[in-house]
Amino acid sequence: QVQLVESGGGLVQAGGSLKLSCATSGRTFSTYSMGWFRQAPGKERECVAAIAWTGAPTHYADSVKGRFAISRDNAKNTVSLQMNSLNAEDTAVYYCAASTYYRASSSSQYDYWGQGTQVTVSS
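Residues numbered from 1 in each chain as written. Predicted model: local features only at pLDDT ≥ 70, side-chain atom pairs only at ≥ 80, totals over all residues. Heavy atoms only, no water.

### Thoughts on the packing of aromatic side chains
Applying the stated criterion across every chain, the model contains five aromatic pairs. When the ring of F37 is compared with that of Y110, the centres are 5.0 Å apart and the planes differ by 85 degrees; the resulting orientation is edge-to-face. With F37 in strand β4 (residues 33-39) and Y110 in strand β10 (residues 110-113), this residue pair connects regions lying 73 residues apart in the sequence. Accessibility expressed as a relative area gives 1% for F37, which makes it buried. Residue classification places Y110 among the buried positions, given a relative accessible area of 6%. Three or more aromatic residues joined by ring pairs make a cluster, and in this case those are F37, Y110 and W113. (Phe/Tyr/Trp six-rings, centres within 6.5 Å; stacked < 30°, edge-to-face > 60°. Helix = DSSP H or I, 4+ residues; strand = E, 2+ residues; numbered from the N terminus. Buried < 20%, exposed > 50% of the residue type's maximum accessible area, 1.4 Å probe, protein only.)

Below, the structure written as structure tokens:
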């Protein structure tokens, strides 16, 4: 199995930045694609960004293109999400997840999930 632990969430003012990190353990990290999802109250969970085991980003939600960047460090078994120009609509619980698919933008394609980290953007 794969264990995922997110960190880096918190409270930030609109226009600011945060960097989320996800530490992984268990099965070989480099064989999994990774994704960042978010879920706000009353909303369905959505895929914000995804990255293949090769390091190629495979998905960005339209709402975050140009503002968020996903990256991974296979040597350290970590995946990160750099979030810039944050606004109130980015407020959500953010989850890190692992998938056996090369391209994966649906929650059903992911096998392992972290506990989530809260991101709150104030205005």
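### Notes on the nonpolar core
Counting residues in each nonpolar core, the largest one holds 28 residues, and the members touching the most others are M34, W36, V79, L81, M83 and Y94. Put simply, the parts of the chain that give this core at least two residues each are β1 (2-7), β3 (18-26), β4, β5 (46-51), β7 (68-73), β8 (78-83), β9 (92-99) and β11 (117-122). Of the residues forming this core, the biggest block, four residues, is contributed by β9. When near neighbours in sequence (up to four residues on either side) are disregarded, L81 contacts L18, K19, L20, W36, V48, A49, F68, A69, I70 and Y94. Counting seven residues, the second largest nonpolar core, distinct from the first, contains C47, A50, Y95 and A97. (Core = buried A, V, L, I, M, F, W, Y, C linked by side-chain atoms within 4.5 Å. Contact = heavy atoms within 4.5 Å.)

### Let's talk about the pairing of β5
Where burial is concerned, most of β5 is hidden: five out of the six residues are buried. In this antiparallel pair of consecutive strands, β4 and β5, the connection spans six residues, and G42 shows a positive phi of 80 degrees. In the sheet, β5 pairs with strand β6 (residues 57-60) via three bridges, with the strands oriented antiparallel. Note that in β6 the partner of I51 across the bridge is P57. (Pairing = 2+ DSSP bridges.)

### Here we look at the state of the cysteines
Under the defined criterion, the tally for this structure stands at one disulfide. Shown here is the disulfide that connects C22 with C96, its sulfur atoms set 2.2 Å apart. Disulfide C22-C96: torsion about the S-S bond near -85 degrees, hence left-handed. Taken together, the residues span a long stretch of sequence, with C22 in strand β3 and C96 in strand β9 at a distance of 74 residues. Taken as a pair, C22 and C96 share a single burial class, namely buried. Here C47 is not disulfide-linked; the sulfur of C96 is the nearest cysteine sulfur, at 11 Å. (Disulfide = S-S within 2.5 Å.)

### Observations regarding the pattern of salt bridges
Inspection of the entire model under this criterion finds four salt bridges. The closest approach of N and O atoms between E46 and R38, which form a salt bridge, is 2.8 Å. Take E46: its relative accessible area is 32%, and that puts it in the partly exposed class. Residue K65 is joined to D62 by a salt bridge in which the shortest nitrogen-to-oxygen separation is 3.2 Å. We classify D62 as exposed; its relative accessible area is 66%. Shared partners join several salt bridges into a network, and the residues in it are R38, E46, R67 and D90. (Salt bridge = Lys/Arg side-chain N within 4 Å of Asp/Glu carboxyl O.)

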